[in-house]
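Spelled out from the first residue to the last, the chains are:
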Amino acid sequence: MKSIGIEDLINLVKTYKTEGLEKIRKAYDMASVLHEGQFRQSGEPYIIHPLNVAYILAEIHADIDTICAGLLHDTIEDTNVKKEEIEENFNSDVANLVDGVTKISKLNFSNKVDENMANTRKIITGITEDVRIIIIKLADRLHNMRTLQYKKHFKQVENSIETLEIFVPLAYYIGAYRIKTELEDLSLSYIKPDMYKRIEATKLKIELENKDLLLDMTNKIIRILNDSGIPNEIKIRTKNIYGIYRKVIIGQKLSEVHDLLSLKVMVDSIDNCYRTLGMIHKEYHSIDENFKDYIWNPKTNMYRSLHTTVFGPDNKLVQAQIRTFDMDKIASFGLCTYWEINNDGARDLMQKELKEKYQFFKSLIEINSMFGDNREFVNQVKKEVFSDNVYVYTPKGEVIELPLGSTIIDFAYKIHTDVGNKMVGAIVNDKYVNEYYVLKNKDRVFILTDEAAFGPRDNWIDIAQTSTAKKKIREFKIREK
Ligand code: MN
């Protein structure tokens, strides 16, 4: 990895920001003085680490306060500076961000296990206060994972597992796709080094073999779109190693992974996404079963795109992801895209967006309010938020995300308390089901309600999987007494 200096950081920030650069220099100088005499395990001066963290943040166009906080993120923890001093030298935002990141990584509990639980809870609830704290923490983790080769083997594995369990889902939930995929691949390379190398080699071979074919398709599609006057850009997209690994461990052969060869087609408007889809289907035969419309049914982390798999030249399967330029930014950076849209007002926009649109956020707040005990809290979050999910549809076609194992009771209470309390059954994919029915991906769920219903049955509380449903059932029972 090339080593970077403060001028590299300044130059990068200059590409999207003209004011506040002297503040970044000031933060760098302060951090340099404070970390003076400290070294990384690699033998480099410590300041290299916060500088790289700030650089990662600048790559996703973070605002000036966030970059300053990135430079200062380890100072409260590792030097004798106080939060107040940071506030005096900068402002309360920078001070709160550094303090937030510190709280996340340093808590004093006598018991090691409880410490981890409390720590994890802090990370998770940190997102509810200011999502920028989490973004800094993700950048911090990313640089630490990039430099993990200097740690002992057992630490490497421990950190990698933690990264996959906590940081990857967080990156996914806020839509920070690039950070997520890099974290996944780094983790896998330490947990399963042989598997990693094998997949990497095969992937490179397949990509090389198919390079001409993909270029051929790319040029043809560009020509078609240009002829129709549709502004476009096409990129060859490669799937990350961990993504392939997930398919391989469920028994798929590498040659059968349908999105291994993939083109990202970006156009200027939603209308043109569908026109492009039509044109691609006219040119190449499609496989219907792999078609997905995430434009009208966005993923729960706000990812939007059309996915279609077609027979390319030589009958090779190629996936095309069609989206607008704006959707592509969200696909790469998620919530962080707001820095692009409105750098100074981004923080408020991010928090507002989280509250209104991101389903996992509501679950976190709910679980946080229900569990006093750190261990129970963390276990519940792992079960509900960080486990695999099922995605099902309401009758209106809205996508609802629920933890794996959820029942129609969980679905009903997720829609509305009254729907749960008045439920008498449900129709799933046109068939009647009872309350024991466990939801599967893509189920279409219609809850049958009756104004005269008795309310939740006694056994529902045990059948329900989510804390939302359990809480509402309990509340109903208390009111009835
Ligand atoms: Mn750090």
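Quick caveat: nothing in here was measured; it's all calculated off a predicted structure. (Residues numbered from 1 in each chain as written. Predicted model: local features only at pLDDT ≥ 70, side-chain atom pairs only at ≥ 80, totals over all residues. Heavy atoms only, no water.)

Trainee: Teacher, can you tell me more about a negative patch on the surface here?
Mentor: Taken together, the side chains of Glu84, Glu85, Glu87 and Glu88 present a region of like negative charge at the surface. Relative to the helices and strands, Glu84 resides in helix H6 (residues 83-89). (Patch = residues over 30% accessible without salt bridge, like charges linked within 9 Å, V, L, I, M, F, W, Y side chains within 5 Å. Areas by Shrake-Rupley, 256 points an atom, 1.4 Å probe, with all protein chains shown as cover. Salt bridge = Lys/Arg side-chain N within 4 Å of Asp/Glu carboxyl O. Lys, Arg positive; Asp, Glu negative; His and termini not counted. Charge placed at Lys NZ, Arg CZ, Asp CG, Glu CD. Helix = DSSP H or I, 4+ residues; strand = E, 2+ residues; numbered from the N terminus.)

Trainee: I would appreciate a short explanation of the coordination of the manganese ion in the present structure.
Mentor: A four-donor tetrahedral metal ideally has 109.5 degree angles, and a six-donor octahedral metal ideally has angles of 90 or 180 degrees. For the manganese ion, every protein donor is listed as His49 (NE2), His73 (NE2), Asp74 (OD) and Asp140 (OD), and the spread of their distances is 2.2 to 2.4 Å. Each donor residue of the manganese ion lies on one chain, and together they are spaced H-x23-H-D-x65-D. Residue Asp74 is found in the loop between helix H4 (64-72) and helix H5 (75-78), and its partner Asp140 is found in helix H9 (residues 131-146); the two are separated by 66 residues along the sequence. (Donors = N, O, S within 2.8 Å, 3.2 Å for Na, K, Ca; no water.)

Trainee: Looking at this structure, how should I read the domain arrangement of the chain?
Mentor: How big an interface is tends to be reported as the loss of accessible area on association of its parts. For the chain, the assigned domains are domain 1 (6-192), domain 2 (210-334) and domain 3 (388-480). One C-alpha centre belongs to domain 1, the other to domain 3, and the line joining them spans 40 Å. (Domains from an automatic or database assignment.)

Trainee: Any chance you could explain the sheet that holds strand E3 (residues 286-293) here in plain terms?
Mentor: Where strands meet in a sheet, backbone hydrogen bonds hold them as pairs that are either parallel or antiparallel. Strand order across the open sheet formed by five strands is E1-E2-E5-E4-E3, with mixed pairing between neighbours. The two strands at the open ends of the sheet, each matched to only one other strand, are strand E1 (232-238) and E3. On average, adjacent strands in this sheet sit at an angle of 20° to one another, irrespective of strand direction. Examined bridge by bridge, E1 and strand E2 (residues 261-267) share seven bridges and lie antiparallel to one another. Its bridge partner lying in E2, Lys235 is registered against Lys264. Along the sheet, helix H16 (residues 325-333) contacts E1, E2 and strand E5 (317-324); its crossing angle with E5, the most-contacted strand, is approximately 110°. (Pairing = 2+ DSSP bridges. Axes fitted to C-alpha atoms, helices over the stretch in contact; angles between N-to-C directions. Contact = heavy atoms within 4.5 Å.)

Trainee: Explanation requested: helix H3 (residues 48-59) in the structure shown.
Mentor: Since the α-helix packs 3.6 residues into each turn, any two residues three or four apart lie on the same face. Between the first and last C-alpha of H3 there are 16 Å, a value that for twelve residues agrees with the 16 Å anticipated at 1.5 Å per step. H3 sits mainly inside the fold: eleven of its twelve residues count as buried. Buried within H3 are the following residues: Ile48, His49, Pro50, Leu51, Asn52, Val53, Ala54, Tyr55, Ile56, Leu57 and Ala58. His61 sits one or two residues past H3 and shows a positive phi near 60°. (Expected span 1.5 Å × (residues − 1). Buried < 20%, exposed > 50% of the residue type's maximum accessible area, 1.4 Å probe, protein only.)

Trainee: Can you walk me through the environment of Ala27 in this structure?
Mentor: You can see Ala27 is positioned in helix H2 (residues 21-34). The spatial distance from the C-alpha of Ala27 to the C-alpha of Asn219 is 47 Å, given a sequence separation of 192 residues. Contacts of Ala27, omitting those with residues within four sequence positions, involve Cys68, Leu71, Leu72 and Phe90.

Trainee: Could you clarify how one ought to interpret the nonpolar core in this entry?
Mentor: A general tendency of soluble globular proteins is for nonpolar side chains to be buried together. Core analysis: the biggest nonpolar cluster contains 85 residues, and Leu9, Ile24, Ile67 and Ile86 have the highest contact counts within it. With nine residues, H9 is the single largest residue contributor to this core. Each residue touching Ile24, except ones within four places of it in the same chain, is listed here: Ile6, Leu9, Ile10, Val13, Ile64, Ile67, Cys68 and Leu71. Counting 35 residues, the second-largest nonpolar core is a separate cluster that includes Ile230, Leu254, Cys273 and Leu277. (Core = buried A, V, L, I, M, F, W, Y, C linked by side-chain atoms within 4.5 Å.)

Trainee: Would you mind showing me how to read the environment of Gln465 here?
Mentor: Within the fold, Gln465 resides in the loop between helix H23 (460-463) and helix H24 (467-480). Residues Gln465 and Leu404 lie 61 residues apart in sequence; the distance between their C-alpha atoms is 8.8 Å. Ignoring any residue separated from it by four or fewer positions in sequence, one finds Gln465 in contact with Gln380, Lys383, Glu384, Gly405, Ser406, Asp410 and Lys470. Here Ile463 takes part through its backbone oxygen, which lies 3.3 Å from a polar atom of the side chain of Gln465. (Polar contact = N/O pair within 3.5 Å; in protein donor to acceptor, adjacent residues only side chain to side chain.)

Trainee: Could you clarify how one ought to interpret the environment of Asn159 in this entry?
Mentor: The topology assignment puts Asn159 in helix H10 (residues 153-173). The exposure class assigned to Asn159 is buried, which follows from its relative accessible area of 14%. As for Asn159 and Met145, which are separated by 14 residues in sequence, their C-alpha atoms are 7.9 Å apart. Excluding anything up to four places from it in sequence, Asn159 contacts Arg141, Met145 and Leu148.

Trainee: Explanation requested: the pairing of E2 in the structure shown.
Mentor: In the case of a regular strand, side chains alternate between the two sheet surfaces. Of all seven residues that make up E2, seven are buried, and the element is covered over most of its length. Of the two faces of E2, the one holding Leu261, Leu263, Val265 and Val267 and the one holding Ser262, Lys264 and Met266 are both buried throughout.

Trainee: Just checking my understanding: could you explain the pairing of strand E4 (residues 306-311) for this structure?
Mentor: Counting buried positions over the six residues of E4 gives five, a clear majority of the element. With four bridges connecting them, E3 and E4 associate as antiparallel partners. Directly across from Lys292, in E4, lies its bridge partner His307. Taken together, the six bridges between E4 and E5 define a ladder with antiparallel strand orientation. For Val310, the partnering residue across the bridge sits in E5 and is Val318.

Trainee: In this structure, what is going on with the packing of aromatic side chains? I would like to understand it.
Mentor: One pair of aromatic rings is described through two measures. These are the centre distance and the angle between the planes. The final tally for this structure, using the stated rule, is three aromatic pairs. Residues Tyr294 and Tyr303 carry aromatic rings whose centres are separated by 5.9 Å and whose planes lie at 70° to one another, so their mutual orientation is edge-to-face. Tyr294 gets classed as buried once you look at its relative accessible area, which sits at 17%. The ring of Tyr46 has Arg40 sitting right over it, with the charged end atom 6.0 Å from the ring centre. Taking the ring centre of Trp296 as reference, the NZ or CZ of Arg304 above it sits at 5.9 Å. (Phe/Tyr/Trp six-rings, centres within 6.5 Å; stacked < 30°, edge-to-face > 60°. Lys NZ or Arg CZ within 6 Å of the ring centre and 35° of its normal.)

Trainee: Which parts of the structure should I look at to understand unusual backbone geometry?
Mentor: For residues other than glycine, phi is negative in most cases, and the peptide bonds are mostly trans. The phi torsion at Asn315 lies on the positive side, around 60°, for a residue other than glycine. Looking at where Asn315 falls in the secondary structure, it is placed in the loop between E4 and E5. Judged by relative accessible area, which is 59%, Asn315 ranks as exposed. One non-glycine residue, Lys442, lies in positive phi territory at about 70°. Considering the arrangement of structural elements, one finds Lys442 in the loop between strand E9 (431-433) and strand E10 (445-449). Look at Lys442 and you get exposed, because its relative accessible area is 53%.

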